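Fold and geometry: a report
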Amino acid sequence: MIAIFVILFSVLVFCSKEEKNTPTQPGPSSNLSWLSVSGNKIIDENGEQVLLYGVNRSGLEYDKNGNRMSQGEFQYIIQDWGAKIIRLPFNEDWVLNDEAYSSKLDQVIDWIKSLGAYVLLDLQWQNTQVRIPPIPDSAAIDMWKQLAERYKDEPAVLYDIHNEAHDVGISQWRARASEIIEAIQSVHHRALILVSGLNWASDISEWAKNPLPYSNIVYSVHVYPWMGNKNSWGQKFGNYSEQLPMFVGEFGGYAEHLDWGKELITYLRQKKIGWTAWSWVDDPHLTQDDHVTPTEFGALVRSYLQRYASPEEYSNQIFDVQVQFISSDRATIYWKTKLESDSRVLYGLTEQYTDSVYAPIFLTVHTMKLTNLLADTTYHFKIQSTDDLGFVTETNDSTFSTLKP
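Predicted model, so just to flag it, every value in this text is computed and none were measured. (Residues numbered from 1 in each chain as written. Predicted model: local features only at pLDDT ≥ 70, side-chain atom pairs only at ≥ 80, totals over all residues. Heavy atoms only, no water.)

**Brief notes about the nonpolar core**
- In this structure, W144, F237, F251 and W275 are the most contacted members of the largest nonpolar core, which totals 80 residues.
- Leave out the neighbours within four places in its chain, and F251 touches V223, Y224, W260, L264, I265, W275, T276, A277, W278, F297 and V301.
- Formed by 18 residues, the second largest nonpolar core is a distinct cluster that contains V321, I326, L370 and F381. (Core = buried A, V, L, I, M, F, W, Y, C linked by side-chain atoms within 4.5 Å. Buried < 20%, exposed > 50% of the residue type's maximum accessible area, 1.4 Å probe, protein only. Contact = heavy atoms within 4.5 Å.)

Structural data, given as structure tokens:
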């Protein structure tokens, strides 16, 4: 006797969706919003969280011309790489004593904001003899007030008041930071101000114990492979992401640190922390000597920046989903992905998905076998594929029915 079975499953129409990066990205220059702090978030004028991703374009701290800095270079960084913020290290002594240098800062800021990106002014060097002091000297208080006055009408300009506090206790750094913040806010109450952690900006745990009593303060962290392994990230900064607004002003590495870099960027994405990678022209480098060709670590950073800036173009997709070879106790789920990705199918009798199968191999054509199924039963399933950069793409819920025994 031959039985004819009608198999119903709802995979003809489905939706592939990548993990949501809920916070917004800044738009074109004319639409750059004033940024402020609300709770643990940086927000725009509409109250939406903003995550900024970009690079450090160092050079102006040691070279008044910025080590071959040009408008075309910033166009490449912003439009090709997808940077939405440029951290701009500078030299305190030159700001105070060389008007031509300050005019150069004006020019660079104009280049960057005209391309639709924010500028993070970073007090990197005190002068060419005292490069990164433990905390800024007293002259920095007036210098920051001058800069705040100069750019008080410019929403594109943000303020990183000291590159890296080091070899100093929290009380001393807190006192100087407070003096600088009060000087800035006396002339520019809308300024978004970054304050570094201790131990070369690697640790903000002391700020978590007693945050600064000012508005629009973000705590800046620097993360490098040689400053502690990933097990220290939580203790140094990650555990406080629900409490404090924070930003990773520097991270970087070499070819041997690519896996470390992926893990860090994935961790920061999960914590919703923005960043600027170090550095376009200085060690550890993002580009080679031509200031164009990415190093291996630079190529990694570029991939993430492009993904964040243009998710429609660079994101993964799941398509051509099929349920094949259905029997009374098994079925095969087939699909394709735009990018090489791993394979996971969640399944169960409801959308709670009590079971799963997984394969860690990165492919664009995927097949996963489901076994030990109940006969004559409808199953719910959802596909998940994680690409090489750690982004998860998944389908909506679908169903299929096994055959009678």
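Picking up after the structure, the text goes on.
**Some thoughts on the pairing of strand β13 (residues 331-348)**
- Here β13 lies mainly inside the structure; 13 of its 18 residues are buried.
- Of the pairings in the sheet, the one linking strand β12 (residues 318-324) to β13 comprises five bridges and is antiparallel in character. Bridge pairing in β13 places I318 opposite T337.
- What sits between the antiparallel neighbours β12 and β13 is a turn of six residues, in which F325 has the positive phi angle 50°.
- Where β13 lies against strand β14 (residues 355-370), twelve bridges are found, and the strand directions are antiparallel. (Helix = DSSP H or I, 4+ residues; strand = E, 2+ residues; numbered from the N terminus. Pairing = 2+ DSSP bridges.)

**With respect to the packing of aromatic side chains**
- Tallied over the full model, the rule gives 24 aromatic pairs.
- Measuring from ring centre to ring centre gives 6.1 Å for Y62 and W125, while their planes differ by 50°; the resulting arrangement is tilted. Separated by 63 residues along the polypeptide, Y62 in the loop between β4 (53-56) and α1 (71-80) and W125 in strand β6 (residues 118-125) bring together distant segments of the chain.
- Pairing W94 with Y101 gives two aromatic rings, centres 5.3 Å apart and planes at 70°, and the pair type is edge-to-face.
- Given a relative accessible area of 12%, W94 falls into the buried group.
- For the cation-ring pair, R269 lies above F391, with the distance from its terminal atom to the ring centre recorded as 4.0 Å.
- Its end group placed over the ring of F391, R307 keeps NZ or CZ at 4.3 Å from the ring centre. (Phe/Tyr/Trp six-rings, centres within 6.5 Å; stacked < 30°, edge-to-face > 60°. Lys NZ or Arg CZ within 6 Å of the ring centre and 35° of its normal.)

**Digging into the packing of helix α9 (residues 258-271) against helix α10 (residues 296-309)**
- With their axes 10 Å apart at the nearest point, α9 and α10 run at an angle of 25° to one another. In this view, α9 runs roughly parallel relative to α10, as classed from their interaxial angle. For the pair α9 and α10, the crossing hand works out as right-handed. When α9 is examined against α10, the residues L258, W260, G261, K262, I265, T266 and R269 are found in contact with a partner set consisting of E296, F297, L300, Y304 and Y308.
- By residue class, the composition of the contact of α9 with α10 is seven nonpolar, two polar and three charged. (Axes fitted to C-alpha atoms, helices over the stretch in contact; angles between N-to-C directions. Parallel < 35°, antiparallel > 145°, perpendicular 65-115°, else oblique. Left-handed = near helix turned anticlockwise from the far one by under 90°. Nonpolar A, V, L, I, M, F, W, Y, C, P; charged D, E, K, R; others polar.)

**As for the confidence of the model for the chain**
- For the chain, per-residue confidence averages 94 on the pLDDT scale, and 93% of positions sit at 70 or higher.
- Contacts from residues 1-15, a stretch scored under 50 in pLDDT, to residues over four places away or in other chains number 27 contacts. (pLDDT = per-residue confidence, 0-100.)

**Regarding the pattern of salt bridges**
- Considering all chains together, one arrives at 20 salt bridges under this definition.
- E73 serves as the salt-bridge partner of R57, at 2.6 Å between the closest nitrogen and oxygen. A residue pair is termed long-range when its members are at least 10 positions apart, and R57 in the loop between β4 and α1 and E73 in helix α1 qualify at 16 residues. In this pair, the class of R57 matches that of E73, namely buried.
- The structure contains a network of salt bridges with shared partners spanning R87, D122, D160 and E250. (Salt bridge = Lys/Arg side-chain N within 4 Å of Asp/Glu carboxyl O.)

**Section: unusual backbone geometry**
- Geometrically, the link from W278 to S279 is a cis peptide bond, its omega value of -25° lying close to zero.
- Look at the link from D283 to P284: it is a cis peptide, with omega at -10°.
- Inspection of the secondary structure puts P284 in the loop between β11 (274-277) and α10.
- Positive phi values are uncommon outside glycine, yet A201 reaches one of about 65°.

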